[in-house]
Amino acid sequence: MTVSIRNLDAPLGAAISAVDRAVPLSRADLGAIEAAWQTRLVVVARGQQLSDPQLLAFSRQFGELDPPGPNPYGEPFNKEFPEINVISNVIANGKPIGNLGAGEAVWHADMTYVDVPPKAAALYSLEVPQNGGGNTYFADMFAAYEALAATLKETIKGKVAVHDASRNSAGLLRKGYAEVTDVRETMGARHPLVRTDPQTGRKAMFLGRRPNSYVIGMSLADSERLLDELWAHATQSRFAMSHKWKVGDLVIWDNTQTQHLATFDYAPEQRRRMHRVSLRGTAPY
């Protein structure tokens, strides 16, 4: 085995070094990365030089690819490799070259508005703000669930919430969707508030995004109070880590057991461009 792995000085996250992600991984290296990923939920590899085909080939070693969801402009940002989603604030010829780049994304997990959300994502940085900023935060939903009071665990047992499909994580209305005026009529997948990991049996909070969420069967007021309490608990700093991006960073995370947040704390003229690949998951239960 050639890969070297160390835990980050944070509640979650691991750093990988001494392996070239542009070539196929050995069985031992692949197993070591998967083990770190399962236990630490976020894996960081710095200093990579990956073409789009290499990013796709690397990602396929961990499972079947899951194509990006529809973007607000109705066509893939990466037409040559539509399996790749472009995350960027860059405007070229009057049009955005990517998604989610010109605003702060709320805490969320990716594409939970579909019945089978991606199990994981790999995000590769091509351009980052030169003056800093644009960090991504990740929060451990296993730890958040385990730290819940017993009474609150009992309250959310068996509860199901609807995950809004109308807007992306930066709040932009998706093409073909109408504004949600009553969250009890929100369109999107319905998932349990507590998800069981199919491999380990551990339980994690599974919240998706806060805007337009609704707990099925509850009064509107009770649903709002419960969701506010759960979100305030789940996004505490004691469950979270922050990643400060450099060009060439490759970050892989477990999409079903974490939440993440991208900050927009840099000048708009500072370019940010990243390519993301998602892996197909299983229906939450």
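You'll find the structure just up there.
Quick look at the structure, then. None of these values were measured; they are calculated from a predicted model.

1. Thoughts on the overall build of the protein
Next up, step 1: When helices and strands are tallied, the protein shows 5 helices and 19 strands.
Next up, step 2: Against the compact-globule benchmark of 19 Å for 285 residues, the protein has a radius of gyration of 18 Å, which places it among compact chains.
Next up, step 3: In the protein, which comprises 285 residues, the share counted as buried stands at 53%.
Next up, step 4: Surface exposure of the protein reaches about 13,000 Å², of which carbon and sulfur atoms provide 52%.
Next up, step 5: Measuring between centres, the 31 positive side-chain charges of the protein sit 1 Å from its 30 negative side-chain charges.

2. Thoughts on the nonpolar core
Next up, step 1: In terms of nonpolar packing, the biggest core is built from 40 residues, with Val 42, Ile 156, Leu 193, Met 205, Leu 226 and Leu 230 touching the most fellow members.
Next up, step 2: Among the elements that take part in this core, helix 5 (residues 220-234) stands out by supplying 5 residues, more than any other.
Next up, step 3: Every residue in contact with Leu 193, bar those within four places of it in the chain, is listed here: Ile 156, Lys 159, Val 160, Ala 161, Ala 204, Met 205, Phe 206, Leu 207, Val 215, Leu 226, Leu 227 and Leu 230.

3. What to know about the pattern of salt bridges
Next up, step 1: This structure, assessed with the given rule, holds 13 salt bridges.
Next up, step 2: Arg 280 is the partner of Glu 64 in a salt bridge, and the nearest nitrogen-oxygen pair spans 3.3 Å. Here Glu 64 is found in the loop between helix 2 (52-60) and strand 4 (65-66), whereas its partner Arg 280 is found in the segment after strand 19 (273-279), with 216 residues between them in sequence.
Next up, step 3: By relative accessible area, Glu 64 is classed as exposed at 52%.
Next up, step 4: Note on Arg 280: relative accessible area 35%, which makes it partly exposed.
Next up, step 5: Close ionic contact of Glu 179 with Arg 167 constitutes a salt bridge, the shortest N to O distance being 2.6 Å. Of this pair, Glu 179 sits in the loop between strand 11 (160-162) and strand 12 (190-192) while Arg 167 is found in the loop between strand 11 and strand 12, placing the two residues 12 residues apart along the sequence.

4. Points about the pairing of strand 10 (residues 136-140)
Next up, step 1: Judged by how many residues are buried, strand 10 sits mostly within the fold: 4 of 5 residues are covered.
Next up, step 2: Judged from the 4 bridges that link them, strand 10 and strand 16 (residues 240-243) form a sheet pairing that is antiparallel. The partner of Thr 136 across the bridge, within strand 16, is His 243.
Next up, step 3: The pairing of strand 10 with strand 18 (residues 258-262) spans 5 bridges and is classified as antiparallel. Bridge pairing in strand 18 places Phe 138 opposite His 260.

5. What to know about helix 5
Next up, step 1: Counted at 1.5 Å a residue, the expected span for helix 5 with its 15 residues is 21 Å, and the 21 Å between its end C-alpha atoms agrees.
Next up, step 2: Residues of helix 5 that are buried include every one of Ser 223, Leu 226, Leu 227, Leu 230, Trp 231, His 233 and Ala 234, and no others. Within helix 5, the buried residues cover an arc of 160° as seen down the axis, which keeps them to one side. In helix 5, the exposed residues that point more than 90 degrees away from the buried face are Arg 225 and Ala 232.
Next up, step 3: As for helix 5, its buried residues are in contact with strand 10, helix 3 (141-146), helix 4 (150-156), strand 14 (203-205), strand 15 (214-215) and strand 18.

6. Brief notes about the side chain of Ser 223
Next up, step 1: Within the fold, Ser 223 resides in helix 5.
Next up, step 2: We classify Ser 223 as buried; its relative accessible area is 0%.
Next up, step 3: The residues contacting Ser 223, other than those within four sequence positions of it, are Tyr 214, Val 215 and Met 218.

7. Some remarks on helix 1 (residues 27-40)
Structural remark: α-helix, 3.6 residues per turn; residues separated by three or four positions point the same way.
Next up, step 1: The end-to-end C-alpha distance of helix 1, which contains 14 residues, comes to 20 Å, matching closely the 20 Å that a straight helix rising 1.5 Å per residue would cover.
Next up, step 2: Here the buried face of helix 1 lies against strand 1 (4-7), strand 2 (14-17), strand 3 (42-45), strand 9 (120-127), strand 17 (250-254) and strand 19.
Next up, step 3: Directly beyond the C-terminal end of helix 1, a positive phi value near 75° is found at Leu 41.

8. Considerations on the sheet that holds strand 10
Next up, step 1: Reading across from one edge, 16-10-18 is the order of the 3 strands in this open sheet, with antiparallel pairing throughout. Edge strands, defined here as strands with exactly one partner in the open sheet, are strand 16 and strand 18. Between one strand axis and the next, the sheet turns by 20° as a mean value, whatever way the strands run.

9. Some remarks on the environment of Pro 68
Next up, step 1: Following the sequence through the fold, Pro 68 ends up in the loop between strand 4 and strand 5 (85-88).
Next up, step 2: What makes Pro 68 partly exposed here is its relative accessible area of 26%.
Next up, step 3: Residues Pro 68 and Glu 185 lie 117 residues apart in sequence; the distance between their C-alpha atoms is 25 Å.
Next up, step 4: Each residue touching Pro 68, except ones within four places of it in the same chain, is listed here: Pro 82, Glu 83, Ile 84, Asn 85 and Met 111.

What counts as what
Residues numbered from 1 in each chain as written. Predicted model: local features only at pLDDT ≥ 70, side-chain atom pairs only at ≥ 80, totals over all residues. Heavy atoms only, no water. Helix = DSSP H or I, 4+ residues; strand = E, 2+ residues; numbered from the N terminus. Rg over C-alpha atoms; globule rule 2.2 N^0.38 Å. Buried < 20%, exposed > 50% of the residue type's maximum accessible area, 1.4 Å probe, protein only. Areas by Shrake-Rupley, 256 points an atom, 1.4 Å probe, with all protein chains shown as cover. Lys, Arg positive; Asp, Glu negative; His and termini not counted. Charge placed at Lys NZ, Arg CZ, Asp CG, Glu CD. Core = buried A, V, L, I, M, F, W, Y, C linked by side-chain atoms within 4.5 Å. Contact = heavy atoms within 4.5 Å. Salt bridge = Lys/Arg side-chain N within 4 Å of Asp/Glu carboxyl O. Pairing = 2+ DSSP bridges. Expected span 1.5 Å × (residues − 1). Arc of directions from axis to C-beta. Axes fitted to C-alpha atoms, helices over the stretch in contact; angles between N-to-C directions.

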